[in-house]
Amino acid sequence: MAETVKRLDSESLANSKYYKGGFEPRMTKREASLILGVSPTASKAKVKDQFKKVMSVNHPDRGGSPYVAAKINEAKDMLEK
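Computed from a predicted model, the values in this text were never measured in an experiment. (Residues numbered from 1 in each chain as written. Predicted model: local features only at pLDDT ≥ 70, side-chain atom pairs only at ≥ 80, totals over all residues. Heavy atoms only, no water.)

Quick notes on helix H2 (residues 29-36)
Glu31, Ala32, Ser33 and Leu36 are the residues of H2 that are buried. Among the residues trailing H2, Gly37 stands out with phi positive, at a value near 75°. (Buried < 20%, exposed > 50% of the residue type's maximum accessible area, 1.4 Å probe, protein only. Helix = DSSP H or I, 4+ residues; strand = E, 2+ residues; numbered from the N terminus.)

A word on the packing of aromatic side chains
Within this structure, the stated rule accounts for one aromatic pair. Over the aromatic face of Phe51 sits the side chain of Lys76, whose NZ or CZ is 5.1 Å from the ring centroid. (Phe/Tyr/Trp six-rings, centres within 6.5 Å; stacked < 30°, edge-to-face > 60°. Lys NZ or Arg CZ within 6 Å of the ring centre and 35° of its normal.)

What to know about the side chain of Gln50
Relative to the elements of secondary structure, Gln50 occurs in helix H3 (residues 44-58). Here Gln50 falls in the buried class, since its relative accessible area comes to 17%. Filtering out sequence-adjacent residues up to four positions away, Gln50 remains in contact with Leu36 and Val38. (Contact = heavy atoms within 4.5 Å.)

Let's talk about the pattern of salt bridges
Enumeration over the complete set of coordinates arrives at three salt bridges. Glu74 is the salt-bridge partner of Lys71, the closest N and O atoms lying 3.4 Å from each other. Highlighted residues: Lys71 and Glu74, both in helix H4 (residues 66-80), separated by three residues, approximately one helical turn. Between Lys76 and Glu80 there is a salt bridge; the shortest N-O distance is 3.7 Å. Of this pair, Lys76 and Glu80 both sit in helix H4, separated by four residues, roughly a single helical turn. Among the residues examined, Glu80 registers a relative accessible area of 25% and is labelled partly exposed. Among the ionic contacts, a cluster of salt bridges with common partners joins Lys76, Asp77 and Glu80. (Salt bridge = Lys/Arg side-chain N within 4 Å of Asp/Glu carboxyl O.)

In C-alpha cells, the structure reads:
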C-alpha cells in the first residue's frame, strides 16, 4: 500500500502543469512571466489584463494568501518596467 501511494504521488507530480519550485530571492523577468502566465516580452496591456485575472483569484479579501498577492504585484511591476 505504501509503495502505491509513493508511486501515485510521484506520477501526479511528474504530470502536473504547475511550476515545481518556490520563489526566487530576487524577482526576475522569467519568474514574473511565469507568475502572470505571459511571455517575458508581453505588452503592458497584456500584463495588465493577466494581472487582473490572476489577482482576482488570489486576492487576500477572497481567501488568497497575502504573500502570493504581494508576489503577483511584484511580477506586474517587474514586467511593466
